[in-house]
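Chain by chain, the residues run as shown.
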Amino acid sequence: MTVSFDTPSASGGQGAVTVTCSPASGENFPIGTTAVTCKATDTLNRTAECSFPVTVSKLPTLSRVRYLAFGDSVTSGEVSFPVGSTSFHGLGGITKQVVVPSAAYPTILAKTLQGRYSSQAEQIVVANYGLGGEKTVNARDRFFQALAIVRPEAVLLMEGYNDIPGGANGAASGAASEIDIMAAEARNRGIRVFLATLVPPRPGGNRSIDLIYITDYNNRMRVVASRQGAVLVDLYSELLPDVNRYIGVDGLHPNEAGYAKIADVFFQAIQANLEVR
């Protein structure tokens, strides 16, 4: 790229002092660090030199820019609020869920990607196909429709919360089987799959899922990711150390900080796997 810089000033010397630099200001500099040397010459032909580096960095780019975020209410961006009292102090009370699009992790992720990969900002899309209350075993047709509509280059897949809460026989295996089918379909279409584990429950919430069911299902996600060549995005491990900070008052849905954390974990996975080196 063309780089311009101020000519260094010279002091002392006899008579008029001329300063020349090599490479000169306004020339094209390659990617990397180039040493610029400037020489001052006075009328007695005496010289003095200085030098400084000019570093040109390549703008980071992504190999894929169209993303489909598919899942349930944790993808759509539902946030829990206490109901019926302004003096709600803790978990276990009555809560309601409200979709807050600006807090949803796909919204935050899109902004983060556009900021990091500014030269591709207009092309980067993270389509939010979260549907509250959906069970994974009922989601296959909607997923295939989303693939046809969005035509993503990468899929961010996180679903299962509505299948496993009661630990019904076959619920986890049935949901995992559907995730396997979705991931395989995306892979067969040349779409890169990012498969997330479910976030940990916050103890004491009125909608939290027993930890044993979350752990069992997440282990199944690890198996599916390995079988389908998907990138495993381990949200559970990332949020667990500070679960009370990231999960809302119902014990299940992330709060605004939790959704921001989820977006960051997905971003790191995308950067590690899709940023052009």
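Relevant structure appears above.
The structure displayed is predicted, hence computed values, not measured ones.

**Description of the sheet that holds strand β2 (residues 32-41)**
In a beta sheet, neighbouring strands pair by backbone hydrogen bonds and run either parallel or antiparallel. On the basis of which strands lie adjacent, the open sheet formed by three strands has the order β1-β2-β3 and antiparallel pairing. Of all the strands in the sheet, the pair left with one neighbour each is β1 (18-22) and β3 (47-56). With direction set aside, neighbouring strand axes in the sheet form an average angle of 20 degrees.

**Some remarks on the pairing of β2**
Relative to β2, β1 is paired through five bridges, and the arrangement is antiparallel. The partner of Cys-21 across the bridge, within β2, is Cys-38. Pairing of β2 with β3 involves 10 bridges; the strand directions are antiparallel. What sits directly across from Thr-41, in β3, is Thr-47. Counting the residues in the hairpin turn of β2 and β3 gives five residues, including Asn-45, whose phi is positive at 65 degrees.

**Thoughts on the pattern of salt bridges**
Pairing between side chains of opposite charge can happen when the charged atoms of each approach one another. Going through the model one piece at a time under the given rule, you end up with 11 salt bridges. Among the ionic pairs, Arg-227 bridges to Asp-180, the shortest N-O distance being 3.4 Å. Taken together, the residues Arg-227 in helix α5 (residues 211-228) and Asp-180 in helix α4 (residues 171-188) connect sequence positions 47 residues apart. You can call Arg-227 partly exposed: its relative accessible area is 48%. A residue is classified by how much of its surface remains accessible, and Asp-180, at 17% relative accessible area, is buried. For the salt bridge of Arg-245 with Asp-242, the shortest nitrogen-to-oxygen distance reads 3.7 Å. What emerges from the salt-bridge pattern is a single network uniting Arg-116, Glu-275 and Arg-277.

What counts and what doesn't
- Residues numbered from 1 in each chain as written.
- Predicted model: local features only at pLDDT ≥ 70, side-chain atom pairs only at ≥ 80, totals over all residues.
- Heavy atoms only, no water.
- Pairing = 2+ DSSP bridges.
- Helix = DSSP H or I, 4+ residues; strand = E, 2+ residues; numbered from the N terminus.
- Axes fitted to C-alpha atoms, helices over the stretch in contact; angles between N-to-C directions.
- Salt bridge = Lys/Arg side-chain N within 4 Å of Asp/Glu carboxyl O.
- Buried < 20%, exposed > 50% of the residue type's maximum accessible area, 1.4 Å probe, protein only.

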